[in-house]
Amino acid sequence: MNSPYSIADWWAVVPAAGVGRRMNGERPKQYLELNGHRVIDHTLHRLGSHRGLRGLVVAINTEDEYWSAPKVPVALETVPGGEERCHSVLNGLEQLAGRADDDDWVLVHDAARPCLRAEDLDALLSELAGHPVGGLLGLPIADTVKRTDSRGDVLETISREGLWRALTPQMFRFGLLRQALWAALEAGEWVTDEAAAIERAGYRPKMVEGHGDNIKITRPQDLPLAALYLAQQEEA
Ligand SMILES: Nc1ccn([C@@H]2O[C@H](COP(=O)(O)OP(=O)(O)OP(=O)(O)O)[C@@H](O)[C@H]2O)c(=O)n1
Ligand SMILES: C[C@](O)(CO)[C@H](O)COP(=O)(O)O
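From a predicted model like this one, the values you see are computed outputs, not experimental measurements.

**Q** Mind showing me how you'd approach the overall build of the chain here?
**A** Along the backbone of the chain there are six helices and eleven strands. Counting only C-alpha atoms, the chain reaches 50 × 45 × 40 Å along its principal axes. Counting over 236 residues, the chain shows a buried share of 50%. When contacts within the chain are restricted to residue pairs at least 6 apart in sequence, long-range pairs at least 24 apart make up 70% of them. Per element, the accessible surface of the chain, about 11800 Å² overall, is 46% carbon and sulfur. Across the chain, the 25 positively charged side chains and the 35 negatively charged ones have centroids separated by 2 Å.

**Q** What is the right way to read the packing of helix 1 (residues 39–48) against helix 6 (residues 222–235) from this model?
**A** Any two packed helices are characterised by the angle at which their axes cross and by the distance between the axes. Running from amino to carboxyl end, helix 1 crosses helix 6 at an angle of 40°, the nearest separation of the two axes being 12 Å. In terms of axis orientation, helix 1 runs oblique to helix 6. Crossing of helix 1 over helix 6 shows left-handed handedness. Only Leu-223, Leu-230, Gln-233 and Glu-234 of helix 6 make contact with helix 1, whose side of the interface consists of Val-39, His-42 and Arg-46. When the residues that make up the contact of helix 1 with helix 6 are grouped by side-chain class, the tally is three nonpolar, two polar and two charged.

**Q** Can you walk me through the site of ligand 2 in this structure?
**A** Taken together, the neighbourhood of ligand 2 is formed by Arg-22, Arg-85, Asp-110, Arg-113, Ala-166, Thr-168, Thr-192, Asp-193 and Lys-216. At a separation of 2.6 Å, an oxygen atom of ligand 2 approaches a polar side-chain atom of Asp-110. Here an oxygen atom of ligand 2 sits 2.9 Å away from a polar atom, N or O, in the side chain of Arg-113. Given that more than half its atoms are within 2 Å of the pocket grid, ligand 2 belongs to the largest pocket. Here the shell around ligand 2 is composed, by residue class, of one nonpolar, two polar and six charged.

**Q** Before we go on, may I ask you to explain the packing of helix 2 (residues 85–96) against helix 4 (residues 174–186) in this structure?
**A** Running from N to C, helix 2 and helix 4 point in directions that differ by 140°, and their axes come no closer than 10 Å. With respect to helix 4, the axis of helix 2 lies oblique. Here the hand of the crossing between helix 2 and helix 4 comes out left-handed. In contact with Cys-86, His-87, Val-89, Leu-90, Leu-93, Glu-94 and Leu-96 of helix 2, helix 4 contributes Phe-174, Leu-177, Arg-178, Leu-181, Trp-182 and Leu-185. Per-class residue counts for the contact of helix 2 with helix 4 are ten nonpolar, one polar and two charged.

**Q** Sorry, what's going on with the site of ligand 1 here?
**A** Around ligand 1, the structure places 19 residues, and the nearest of them are Gly-20, Arg-21, Arg-22, Lys-29 and Ser-88. Taking Pro-15, its main chain carries an N or O atom lying 2.8 Å from an oxygen atom of ligand 1. Between ligand 1 and Ala-111, the relevant distance is 3.2 Å, taken from an oxygen atom to a main-chain nitrogen or oxygen of the residue. Surface burial for ligand 1 is 90%, taken as the share of its 560 Å² of free accessible area covered by protein chains. Because more than half of its atoms lie within 2 Å of the grid, ligand 1 is assigned to the largest pocket. Residues that form the shell around ligand 1 fall into these classes: six nonpolar, five polar and eight charged.

**Q** What should I look at first to understand the nonpolar core in this one?
**A** Inside soluble globular proteins, nonpolar side chains tend to come together where they are buried. Residues Trp-10, Leu-47, Leu-56, Val-58 and Met-171 are the most contacted members of the largest nonpolar core, which totals 29 residues. Listing elements by their share of this core, those giving two or more residues are strand 1 (10–16), helix 1, strand 4 (53–60), strand 6 (105–108), helix 3 (118–128), strand 7 (134–140) and strand 10 (164–173). Once you skip the residues sitting within four places of it in the chain, Met-171 turns out to touch Ile-7, Trp-105, Val-106, Leu-107, Leu-124, Leu-125, Leu-128, Val-133, Gly-134 and Gly-135. If you look at the next biggest cluster of nonpolar residues, it comprises 27 residues, including Ala-59, Val-108, Ala-180 and Ile-198.

Calculation rules
Residues numbered from 1 in each chain as written. Chains lettered and ligands numbered in written order. Predicted model: local features only at pLDDT ≥ 70, side-chain atom pairs only at ≥ 80, totals over all residues. Heavy atoms only, no water. Helix = DSSP H or I, 4+ residues; strand = E, 2+ residues; numbered from the N terminus. Buried < 20%, exposed > 50% of the residue type's maximum accessible area, 1.4 Å probe, protein only. Contact = heavy atoms within 4.5 Å. Areas by Shrake-Rupley, 256 points an atom, 1.4 Å probe, with all protein chains shown as cover. Lys, Arg positive; Asp, Glu negative; His and termini not counted. Charge placed at Lys NZ, Arg CZ, Asp CG, Glu CD. Axes fitted to C-alpha atoms, helices over the stretch in contact; angles between N-to-C directions. Parallel < 35°, antiparallel > 145°, perpendicular 65-115°, else oblique. Left-handed = near helix turned anticlockwise from the far one by under 90°. Nonpolar A, V, L, I, M, F, W, Y, C, P; charged D, E, K, R; others polar. Near = heavy atom within 4 Å. Polar contact = N/O pair within 3.5 Å; in protein donor to acceptor, adjacent residues only side chain to side chain. 1 Å grid on protein atoms, 1.4 Å probe; cavity = no way out; pocket = protein on both sides within 12 Å on 5 of 7 lines; lining within 4 Å. Sits in = over half its atoms within 2 Å of the grid points. Core = buried A, V, L, I, M, F, W, Y, C linked by side-chain atoms within 4.5 Å.

Listed below in structure tokens is the structure:
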């Protein structure tokens with residue numbers, strides 16, 4: 001079957017070394033049960049079974065006692081996570097050094113986003129296959145946006161024109177992303193996503209609209225919502 005995009009192969013880095021403070025669970029949220037499997041297993045199966053994936057690097061917390069590799073049809077290796085997500089991602093990129101060419105595409109996807117649709121992954125790969133910089137999945141903001149002070153009093157309403165929520169995967173070429181992330185971290189800028197490092201380097205990542213069910217499991221109420229989304233996707 002002709003793949004919907006011209007990318008022959010790509011790599012994936014999955015930051016999975018968080019402790020899930022905001023989830024306040026009995027274990028890190030990527031290991032919580034979700035519709036009969038662990039959150040991380042859903043994520044790795046959705047990435048790992050996608051055509052063209054050449055290798056999968058998962059950043060795991062060095063204190064982690066829960067990790068075990070799921071069976072996925074692609075080479076999976078682990079690296080130690082870092083202090084923040086950006087450090088974990090960079091550790092994953094360094095693991096690919098010597099194997100990934102500078103022009104190879106690398107997709108970075110949060111372990112905590114198990115509901116990623118194959119169609120959204122295809123859309124990202126198709127839209128960005130020939131793009132000079134790369135980009136990310138996102139959602140245009142549909143609510144009115146307010147800025148408040150530390151007491152929660154509204155200071156202003158911010159125009160939502162052109163405002164998006166950044167999701168993952170975020171997809172950039174190996175050499176550019178590695179260099180941009182190193183530069184950001186060396187400047188003490190612990191970026192919260194890969195696109196911010198690319199922007200900081202003077203480039204403009206392309207936003208590709210995804211689906212709203214690609215949520216990041218962050219707080220307790222996110223888990224039942226993710227279960228609902230997975231069940232809906234499986235019924236579709
Ligand atoms: N040092 C870190 C911190 C986070 N992550 C990963 O980055 C993704 C998004 O991070 P987030 O939702 O913030 O996860 P946590 O850091 O675990 O959550 P919290 O901030 O509530 O502790 C998650 O898959 C998480 O495992 C990581 O690999 N390394
Ligand atoms: C990468 C990300 O999921 C894009 O929205 C987000 O920045 C992760 O932030 P977190 O604080 O590490 O969850």
